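These are the residues of each chain, in order.
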Amino acid sequence: MEKRAFVVDDEENIREIVKCALESCGIKVTGFEDAVAMLDALKSDVPDVILLDIMLPQMDGLEALRRIKASAEAAQVPVLMLTAKGGEVDRVTGLDLGADDYIVKPFGVLELMARVRAALRRKGSQPEQKTVYEHSGIRLDTDSHEVMQDGHPVELTLKEFELLKLLIENTGKAMARNVLLDTVWGYGYIGETRTLDMHVRSLRQKLNDTGKYISTVRGIGYKFNA
């Protein structure tokens, strides 16, 4: 089945470059000048992937990303942020809100195509999984996107939730840093590992974890204790 993409950028030349690149991969592209029009189209037509600029008229890309991830219909659609804002804080903000990748302008067309293909592979290769995980007083529900600890709710960001889920799924197994980054953030390359450390630190604080749950495995990464 033909894959489809929404491309949101207020620069027509960028939209055309991305369209040509993706259509050469067999992906049908619908372009939008602003996020409002894209979100309206999303109500009746859900694509396989969305490429979203941050600096947009009417509504910026981060607010649009929040709305996409809050949508029951489109929450699982991979979103790649395509933007000139390349600072670490900007990348962390976008990724933490649920972006699957972050491509900084100016970008190489071949790299863009590779990242879109990788995002589609990750989406298509996700197996059917259980929806509730319970371990050591922690209950994680993927349907309601809620985490409870000893009966009390724990407020997590999207990436903290996905990181905790991955660690619990692999309880007792030392998870390499690059595996955690690739799976949760979809980097596909060695990015700033401080991002991972920051999220683990935040998780430990929110779980009041003094070593009971998440352990550092020196030289490898992290594990959720059995």
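Residues numbered from 1 in each chain as written. Predicted model: local features only at pLDDT ≥ 70, side-chain atom pairs only at ≥ 80, totals over all residues. Heavy atoms only, no water.

Draft legend 1. View of the packing of helix α2 (residues 35–42) against helix α3 (residues 61–69). Contact geometry of α2 with α3 gives a least axis separation of 10 Å together with a crossing angle of 10°. When the interaxial angle is binned, α2 and α3 end up roughly parallel. Residues Ala35, Met38, Leu39 and Leu42 of α2 form the contact with α3, whose own contacting residues are Ala64, Arg67 and Ile68. (Axes fitted to C-alpha atoms, helices over the stretch in contact; angles between N-to-C directions. Helix = DSSP H or I, 4+ residues; strand = E, 2+ residues; numbered from the N terminus. Parallel < 35°, antiparallel > 145°, perpendicular 65-115°, else oblique. Contact = heavy atoms within 4.5 Å.)

Draft legend 2. The arrangement of the pairing of strand β8 (residues 146–149) in detail. Alternating residues of β8 divide into Val147 and Gln149, all buried, and Glu146 and Met148, none buried. Alignment of strand β7 (residues 138–141) against β8, held across 4 bridges, turns out to be antiparallel. Directly across from arginine 139, in β8, lies its bridge partner methionine 148. Strand direction decides the pairing type here: β8 and strand β9 (residues 152–154), joined by 3 bridges, are antiparallel. Following the sheet pairing, valine 147 is matched in β9 by valine 154. Linking two consecutive strands that pair antiparallel, namely β8 and β9, is a turn of 2 residues; a positive phi of about 50° is found at aspartate 150 within it. (Buried < 20%, exposed > 50% of the residue type's maximum accessible area, 1.4 Å probe, protein only. Pairing = 2+ DSSP bridges.)

Draft legend 3. Quick look at the environment of glycine 172. Within the fold, glycine 172 resides in the loop between α6 (158–169) and β10 (175–176). On the basis of relative accessible area, glycine 172 is assigned to the partly exposed category, the value being 40%. Counting along the chain gives 50 residues from glycine 172 to tyrosine 222, while the straight-line C-alpha distance between them is 9.8 Å. If we ignore the near neighbours within four places in the chain, the residues touching glycine 172 are Lys223, Phe224 and Ala226.

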